Amino acid sequence: MKSQFKNFTYLTVSTLIMAAGIYFFKFTNNFTFGGITGLAVLVAKSGVISASDFSFVANMILLVIGFFVLGKKFAAKTAYSSILLSVTLSALERIYPMSHPLTDQPMLELAFAIALPSIGSAVLFNIGASSGGTDVVAMIMKKYTSFNIGNALLVTDFFITLAGCFVFDIETGLYSFLGLALRSFMIDGFIESLNLSKYFNVVCSNPQPICSYIKEDLHRSATIVLAKGAFSGEDKYIIFTVLNRIEAIRLRNYIKENSPDAFLLISNTSEIIGKGFHSV
């Protein structure tokens, strides 16, 4: 129950962060990168339907298609995020209508138009969810074709962004291309930051106190390997363990105070699969 509530909180907060970035910074500046919301900006130029309402309609259609094609499991997390995002965008349009950008600084607006949705997307991807939109198309393509999904979506985004150069102006189009180039890097960077852990190699003569601290105080596990020092020829032990950043500081301080002769190698890693971290 606690884990489900935690995931529900992550889903809700990350989706609302995405909505704020899209509505306040992306729609008002006519930035056309980013799948359905990018296409919504182009459609809104026709005056037939607003960007928020188009996003709502398009996401609902894709959700229905996804439900029938991909099954019930698909609907659990993706449907909630997609509906919340679409409803929030439509609600913001009615509660706080905007006829112009918040500031007169396009680069500042672009930074927030990229950063906020990227943070939200990174959190969603990290817990195995998505906000729908073109992600649904990608899931369907992955199920029935052998296409490279990433490249296919990138090509689609490219042409939507390119269209922005003609529908609006070259300056807006260039900002959108910059956003398209930076968006994927920022999402990857945020995901790596969220998953960042510390990998310890501790070379010492007496591993028991350190291992006891890891097990009893940090509630983690470790692996001990017998080794021999190349220079001294003495028997040594190597302790392998992986900790989050706060735990890593505590272990480093403990070793510094209680085993000052130990030799530490500490590396950053974001791909930890196993009990206590990520499942396979």
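Located above this text is the structure these notes cover.
Every residue gets a number counted from 1 within its own chain, in the order that chain's sequence is written. Note on the predicted model: pLDDT of at least 70 is required for a residue's local features to be given, and 80 or more for side-chain atom pairs to be given and counted; whole-chain, interface and lining totals, by contrast, use all residues. Note that the side-chain values use all heavy atoms of the structure and ignore hydrogens as well as water.

Q: Mind laying out the overall build of the chain, listing which residues take part and the relevant values?
A: Strands here mean DSSP runs of E at least two residues long; helices mean DSSP runs of H or I at least four residues long; both are numbered from the N terminus. Scanning the chain for helices and strands turns up ten helices and four strands. Listing each helix as α and each strand as β along the chain from the N terminus yields α-α-α-α-α-α-α-α-β-α-β-β-α-β. Atoms counted for the radius of gyration: C-alpha only. Globule rule: 2.2 Å times the number of residues to the power 0.38. For the chain, the C-alpha radius of gyration of 24 Å lies well beyond 19 Å, the compact-globule estimate for 280 residues. A burial count over the chain gives 41% of its 280 residues as buried. Here, residues are in contact when the closest pair of their heavy atoms is within 4.5 Å. Intrachain contacts of the chain at a sequence separation of at least 6 include 72% that bridge at least 24 residues. In short, Shrake-Rupley with a 1.4 Å probe defines the accessible areas, and a residue's cover is counted only from the protein chains shown. Entry remark: accessible area of the chain is about 15800 Å², with carbon and sulfur atoms responsible for 64%. We count Lys and Arg on the positive side and Asp and Glu on the negative side, and we leave His and both chain ends out. Working definition for charges: the position is that of NZ of Lys, CZ of Arg, CG of Asp or CD of Glu. Considering the chain, the positive charge centre built from 21 side chains and the negative charge centre built from 18 side chains are found 9 Å apart. Exposed residues in this analysis have more than 50% of their type's maximum accessible area, buried residues have under 20%, and partly exposed residues fall in between, with area computed by a 1.4 Å probe over protein chains only.

Q: Tell me what's going on with the packing of aromatic side chains, and back it up with residues and numbers.
A: The pairing test for Phe, Tyr and Trp rings, Trp by its six-membered ring, is centres within 6.5 Å, and the orientation test on the planes gives stacked under 30 degrees, edge-to-face over 60, and tilted for anything in between. If you walk through the whole model with that rule in mind, you get ten aromatic pairs. Look at Phe-31 and Phe-33: their rings are 6.2 Å apart centre to centre, the planes differ by 25°, and that puts the pair in the stacked class. What makes Phe-31 buried here is its relative accessible area of 1%. The ring of Phe-33 carries Lys-26 above its face, with NZ or CZ at 4.9 Å from the centroid. Lysine NZ or arginine CZ positioned within 6 Å of the ring centre and within 35 degrees of the ring normal marks a charge as sitting over the ring.

Q: Which residues make up the environment of Ile-214, and what are the values?
A: In this structure, Ile-214 sits in helix α9 (residues 208-216). Ile-214 sits in the buried class, given a relative accessible area of 0%. Taking C-alpha positions, Ile-214 is 9.0 Å from Glu-247, a pair spaced 33 residues apart along the chain. When near neighbours in sequence (up to four residues on either side) are disregarded, Ile-214 contacts His-219, Arg-220, Ser-221, Ala-222, Ile-239, Thr-241 and Leu-251.

Q: Break down the packing of helix α5 (residues 106-126) against helix α8 (residues 170-194) for me, with residues and values.
A: Packing of α5 against α8 brings their axes to within 8 Å, and their N-to-C directions diverge by 40°. As far as their axial angle goes, α8 and α5 are oblique. With respect to the hand of their crossing, α5 and α8 are arranged in right-handed fashion. Within the contact between the two elements, α5 uses Pro-106, Met-107, Leu-110, Ile-114, Ala-115, Ser-118, Ile-119, Ser-121, Ala-122, Val-123, Phe-125 and Asn-126 and α8 uses Tyr-175, Leu-178, Gly-179, Leu-182, Arg-183, Met-186, Ile-187, Phe-190, Ile-191 and Leu-194. Axis geometry follows a simple rule: fit a line to the C-alpha atoms, using only the stretch in contact for helices, then measure angles between N-to-C directions, giving values from 0 to 180 degrees. Working rule for angles: under 35 degrees goes down as roughly parallel, over 145 as roughly antiparallel, 65 to 115 as roughly perpendicular, anything else as oblique. A crossing counts as left-handed when the near helix is turned anticlockwise from the far one by less than a right angle, and as right-handed when that turn is clockwise.

Q: Could you give an account of the packing of α9 against helix α10 (residues 245-258), naming the residues involved and the relevant values?
A: Two measures define how a pair of helices packs: the angle their axes make with one another and the distance between the axes. α10 packs onto α9 with a crossing angle of 155° between their chain directions and a minimal axis gap of 11 Å. The angle between the axes of α9 and α10 places the two elements in the roughly antiparallel class. Crossing handedness for the pair α9 and α10: right-handed. Contacts between α9 and α10 involve Pro-209, Ile-210, Tyr-213 and Ile-214 from the former and Arg-250, Leu-251, Tyr-254 and Ile-255 from the latter. Along the lines of polarity and charge, the residues of the contact of α9 with α10 split into seven nonpolar, no polar and one charged. When residue character is reported, Ala, Val, Leu, Ile, Met, Phe, Trp, Tyr, Cys and Pro are called nonpolar, Asp, Glu, Lys and Arg charged, and the others, Gly included, polar.

Q: Requested: an account of the nonpolar core, with residues and values cited.
A: Within this scheme, the nonpolar core is defined by two criteria: the residues are buried Ala, Val, Leu, Ile, Met, Phe, Trp, Tyr or Cys, and they are joined through side-chain atoms within 4.5 Å. Counting residues in each nonpolar core, the largest one holds 34 residues, and the members touching the most others are Tyr-23, Phe-27, Phe-33 and Leu-89. The set of elements that each furnish at least two residues to this core consists of α1 (2-27), α2 (35-44), α3 (51-70), α4 (72-95), α5, α6 (134-144) and α8. The element best represented in this core is α1, accounting for eight residues. Ignoring sequence-local partners within four residues, the contact set of Leu-89 consists of Ala-19, Ile-22, Tyr-23, Phe-27, Ser-52 and Ser-55. If you look at the next biggest cluster of nonpolar residues, it comprises 15 residues, including Phe-200, Val-202, Tyr-213 and Ala-248.

Q: Go over the sheet that holds strand β3 (residues 235-243) with me, naming the residues and quoting the values.
A: Whether two strands pair comes down to DSSP finding at least two bridges between them. Read from one edge of the open sheet, four strands run β2-β3-β1-β4, paired in antiparallel fashion. Both edges of this open sheet fall to β2 (223-228) and β4 (263-269), since each of them pairs with a single strand only. Direction aside, neighbouring strands of the sheet carry axes that sit 20° apart on average. Relative to β3, β2 runs antiparallel, the two sharing six bridges. Within β3, the residue paired with Lys-228 across the bridge is Asp-235. Across the sheet, α9 is in contact with β1 (197-204), β2 and β3; its angle to β3 comes to roughly 15°.

Q: Let's hear about the pattern of salt bridges: which residues, and what values?
A: The salt bridge definition used is simple: a Lys or Arg side-chain nitrogen within 4 Å of an Asp or Glu carboxyl oxygen. The full count for this structure, using the stated rule, is four salt bridges. Here Arg-94 and Glu-93 are joined by a salt bridge, their closest N and O atoms 3.4 Å apart. We classify Arg-94 as exposed; its relative accessible area is 54%. Exposure remark for Glu-93: the relative accessible area of 22% places this residue in the partly exposed category. Two residues, Arg-220 and Glu-247, come together in a salt bridge whose shortest N-O distance is 3.0 Å. With a gap of 27 residues between them, Arg-220 in the loop between α9 and β2 and Glu-247 in helix α10 connect regions that are remote in the sequence. We note that Arg-220, like Glu-247, is buried. Here the residues in one salt-bridge network are Asp-53, Glu-93 and Arg-94, joined through shared partners.

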